[in-house]
Amino acid sequence: MNIKEIEQLSGMTRANVRFYEQEGLLSPRRLDNGYRDYSEDDLQQLHRIHLLRTLGLSLDEIRAAQKGELALGQLLENKAAALEQQAAESQQRAHLCRDICRSGAQYGTLDGQRWLESLTAAEPAAIVT
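Residues numbered from 1 in each chain as written. Predicted model: local features only at pLDDT ≥ 70, side-chain atom pairs only at ≥ 80, totals over all residues. Heavy atoms only, no water.

Peer 1: Go over the overall build of the protein chain with me, naming the residues and quoting the values.
Peer 2: For the protein chain, the helix and strand inventory stands at six helices and two strands. Ordering the α and β elements of the protein chain from the N terminus gives α-α-β-β-α-α-α-α. By the compact-globule yardstick of 14 Å for 129 residues, the protein chain is too spread out, its C-alpha radius of gyration being 23 Å. Residue burial in the protein chain is summarised as follows: out of 129 residues, 21% are buried. Counted over contacts in the protein chain with a minimum sequence separation of 6, partners at least 24 positions apart contribute 45%. When the accessible surface of the protein chain is summed, it comes to about 8,900 Å², and 52% of that surface belongs to carbon and sulfur atoms. Charge separation in the protein chain, taken as the distance between the mean sites of 15 positive and 19 negative side-chain charges, equals 5 Å. (Helix = DSSP H or I, 4+ residues; strand = E, 2+ residues; numbered from the N terminus. Rg over C-alpha atoms; globule rule 2.2 N^0.38 Å. Buried < 20%, exposed > 50% of the residue type's maximum accessible area, 1.4 Å probe, protein only. Contact = heavy atoms within 4.5 Å. Areas by Shrake-Rupley, 256 points an atom, 1.4 Å probe, with all protein chains shown as cover. Lys, Arg positive; Asp, Glu negative; His and termini not counted. Charge placed at Lys NZ, Arg CZ, Asp CG, Glu CD.)

Right under this line is the structure:
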């Protein structure tokens, strides 16, 4: 299939497809005229890459998984743990925002040091590793 077809089927732009090719994550066959000929396997590779990038994996992590250097399961477990930690930190910051709102503070009266200390003091309890 040509670039237009792979764009439509993958949901990626031509620039993304070419970028992943330049990064060595995709290797379409070349026709005699130099055009790329994308296979069903290339399409599946793009779907995998798209999913893993959406989940927040880096290109290096995807490349290592693709080459079998790192187990996908371990990469995803690590990512899940990192996302859970980020969620806990975000929840803590959301609570702090609400606490500051309830205090009635205005920009000119906001005691930044006090609120930063309360955030710092609460961090170890909020983050579970």
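Peer 1: I'd like to hear about the nonpolar core, residue by residue, with values.
Peer 2: Counting residues in hydrophobic clusters, the biggest one holds 16 residues, and the most contacted among them are Ile-6, Val-17, Tyr-20, Leu-25, Tyr-38, Leu-46 and Ile-62. Every element with two or more residues in this core is listed here: helix 1 (3–10), helix 2 (14–22), helix 3 (40–54) and helix 4 (59–67). Per-element tally for this core: the top contributor is helix 3, with four residues. If we skip the residues at most four places from it in the chain, Leu-25 touches Tyr-20, Gln-45, Ile-49, Leu-59, Ile-62, Arg-63 and Gln-66. (Core = buried A, V, L, I, M, F, W, Y, C linked by side-chain atoms within 4.5 Å.)

Peer 1: So what about the pattern of salt bridges? Which residues, and what values?
Peer 2: It is possible for side chains of opposite charge to pair when their charged atoms get near one another. Applying the stated criterion across every chain yields a total of seven salt bridges. A salt bridge links Arg-63 to Asp-60; the nearest nitrogen and oxygen atoms lie 2.7 Å apart. Separated by three residues within a single helix, Arg-63 and Asp-60 lie in helix 4, roughly one turn from each other. Residue Asp-99 is joined to Arg-102 by a salt bridge in which the shortest nitrogen-to-oxygen separation is 2.6 Å. Linking Asp-99 with Arg-102, this pair stays in helix 5 (residues 72–103), spanning three residues, or about one helical turn. Overlapping salt bridges, with partners in common, bring together Glu-21, Arg-30 and Arg-36 in one network. (Salt bridge = Lys/Arg side-chain N within 4 Å of Asp/Glu carboxyl O.)

Peer 1: If you had to explain the environment of Ser-27 to someone new, which residues and values would you point to?
Peer 2: Assignment of secondary structure puts Ser-27 in the loop between helix 2 and strand 1 (29–30). In this structure, the C-alpha to C-alpha distance between Ser-27 and Asp-41, residues 14 residues apart in sequence, is 9.9 Å.

Peer 1: Provide a residue-level description of the packing of aromatic side chains, including the pertinent values.
Peer 2: Scanning the model with the defined rule gives one aromatic pair in all. Where Phe-19 meets Tyr-20, the ring centres are 5.5 Å apart and the plane angle is 65 degrees; that geometry is what we call edge-to-face. Above the plane of the ring of Trp-115 lies Arg-114, whose end atom (NZ or CZ) is 4.1 Å from the centre. (Phe/Tyr/Trp six-rings, centres within 6.5 Å; stacked < 30°, edge-to-face > 60°. Lys NZ or Arg CZ within 6 Å of the ring centre and 35° of its normal.)

Peer 1: Lay out a nonpolar patch on the surface with the relevant residues and their values.
Peer 2: A grouping of Leu-51, Leu-55, Leu-72 and Leu-76 is seen on the molecular surface, where their side chains present a nonpolar patch of about 310 Å² in accessible area. Within the secondary structure, Leu-51 sits in helix 3. (Patch = residues over 30% accessible without salt bridge, like charges linked within 9 Å, V, L, I, M, F, W, Y side chains within 5 Å.)

Peer 1: Kindly report on helix 1, identifying the contributing residues and their values.
Peer 2: Turning to helix 1, its buried residues number three or more, namely Ile-3, Ile-6 and Ser-10. Around the axis of helix 1, the buried residues are gathered within 65 degrees of arc, so they sit on the same side. Seen from the buried face of helix 1, the exposed residues on the opposite side, beyond 90 degrees, are Lys-4 and Gln-8. In this fold, the buried residues of helix 1 make contact with helix 2 and helix 3. (Arc of directions from axis to C-beta.)

Shape is all these values report; function is a separate question.
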